[in-house]
Amino acid sequence: MQRVLVTGGAGFIGANFVDHLVVHTDLQVTVLDALTYAGHREAVDGFPSDRVAFVHGDITDAEVVDREVAEADAVVHFAAESHNDNSLHDPRPFLDTNVIGTYTLIEAARRHGTRFHHVSTDEVYGDLELDDPARFTEQTPYNPSSPYSSTKAASDLLVRAWVRSFGLQATLSNCSNNYGPWQHIEKFIPRQITNLLDGRRPRLYGEGKNVRDWIHVDDHNSAVLAVLQRGRIGETYLIGADGERSNKQVVEQLLTTMGRPRDDYDLVADRPGHDLRYAIDATKLRTELGWTPRYDFDSGLAATVEWYRRHEDWWRPVKEATEARYAKSGQ
Ligand code: NAD
Ligand code: TDX
């Protein structure tokens, strides 16, 4: 394997994945990204030009996709519409990018016999009760709740069907909630960090009791690379780092880290259909591929706060508009 096509490589996880490839492998990388509101040219501009090429294009554009897939030995597919709250206001782009975009890519990969890795989410499994000791495994039935998670579930099922029906050389991974550099400030952790840096109060949906299973983006990406290099074709690997915390716990930790009283937050309107709890059992990934996470949540979160402190130039221009959108929903 010499050249990898990374879709969505100008987004949060994709840009960190390209960084991971540049540092830890000798692979040549082509980023294919439409630069939506969530894509950032500056996140890929810093890479050496002899290692990383950038193509501005849409994964629903069959011509561009065919040309780029033809030149790659492998595709790692991150591009997606990724925010649940946006999917509740306007589901259409989620169907276009997550379903039709994935279909367009796997058709090209099928034609050219290209190795394909599909990046997905634990949200395809629905949610767990707060007091249930169970965690998601690769055997958990699909039961998505939101327009976002149902389009991700649809894309997973397409990839699985293309493996079985057409012999597509694909693997899949479903990861829990990521945090780290370059995450859009519409998402929970960077929204609260930038609220605090901006002198605002954090905003918790409902009572703040919903639980997410947090993983540092670099740990997600080391797992994706392990699956790409050593995963078995046709298999799904769950990725998680035992990071379960309620949203209230995360906000309290941020408030403490940033020198503010632990109760200095607002409870706001809940998300419709809000999934209660996600939790990943990553035994298969750990035992079969020998993967282990490197970050602990406390130091990873503190480093992320510092990153947003140092990169105000990047997030400041979209802060007002992001908060104005949330204000319309009472959030
Ligand atoms: P993101 O929204 O930050 O980035 C998405 C990227 O895809 C952007 O650069 C955007 O410009 C690009 N894109 C969107 N539509 C496109 C299109 N039609 N054609 C080409 N490019 C397009 O998303 P993220 O948080 O980095 O998520 C990346 C992937 O990881 C997604 O598939 C998501 O479902 C999955 N995932 C995310 C998380 C998480 O916590 N963020 C957890 C598990 C899985
Ligand atoms: O201001 C907020 N207040 C709040 O309490 C925001 C933005 C969110 N929340 C809550 C909702 C969730 O319980 O925080 C939790 C995390 O919210 P998001 O960051 O929107 O993430 P989530 O909906 O859990 O989905 C994320 O993880 C799985 C990613 O956005 C998805 O792309 C990924 O698939």
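The shown structure was predicted, so the numbers you read here are calculated from the model rather than taken from an experiment.

1. Overview of the overall build of the protein chain
Part 1 of the reasoning: Within the protein chain, the regular secondary structure consists of twelve helices and 13 strands.
Part 2 of the reasoning: A compact globule built from 331 residues should have a C-alpha radius of gyration of about 20 Å, and the protein chain, at 19 Å, falls within 12% of that.
Part 3 of the reasoning: A principal-axis box enclosing the C-alpha atoms of the protein chain has dimensions of 55 × 45 × 40 Å.
Part 4 of the reasoning: Per-residue burial for the protein chain yields a buried fraction of 56% across its 331 residues.
Part 5 of the reasoning: In the protein chain, once contacts between residues fewer than 6 apart in sequence are set aside, the share between residues at least 24 apart is 81%.
Part 6 of the reasoning: Accessible surface, the protein chain: about 13800 Å² in total, of which carbon and sulfur atoms supply 47%.

2. Comments concerning the site of ligand 2
Part 1 of the reasoning: Taken together, 22 residues lie around ligand 2, and E123, Y148, R191, R271 and H274 are the ones closest in.
Part 2 of the reasoning: At 2.8 Å from an oxygen atom of ligand 2 is found a main-chain nitrogen or oxygen belonging to S82.
Part 3 of the reasoning: R191 is positioned with one of its side-chain polar atoms (N or O) 2.7 Å from an oxygen atom of ligand 2.
Part 4 of the reasoning: The protein chains hide 94% of the 650 Å² of surface that ligand 2 would expose on its own.
Part 5 of the reasoning: Secondary-structure elements contributing two or more residues to the shell around ligand 2 are α7 (188-197) and β8 (203-205).
Part 6 of the reasoning: Residue composition of the shell around ligand 2, by class: six nonpolar, nine polar and seven charged.

Conventions and cut-offs
- Residues numbered from 1 in each chain as written.
- Chains lettered and ligands numbered in written order.
- Predicted model: local features only at pLDDT ≥ 70, side-chain atom pairs only at ≥ 80, totals over all residues.
- Heavy atoms only, no water.
- Helix = DSSP H or I, 4+ residues; strand = E, 2+ residues; numbered from the N terminus.
- Rg over C-alpha atoms; globule rule 2.2 N^0.38 Å.
- Buried < 20%, exposed > 50% of the residue type's maximum accessible area, 1.4 Å probe, protein only.
- Contact = heavy atoms within 4.5 Å.
- Areas by Shrake-Rupley, 256 points an atom, 1.4 Å probe, with all protein chains shown as cover.
- Near = heavy atom within 4 Å.
- Polar contact = N/O pair within 3.5 Å; in protein donor to acceptor, adjacent residues only side chain to side chain.
- Nonpolar A, V, L, I, M, F, W, Y, C, P; charged D, E, K, R; others polar.

These figures come from the coordinates and say nothing about function on their own.
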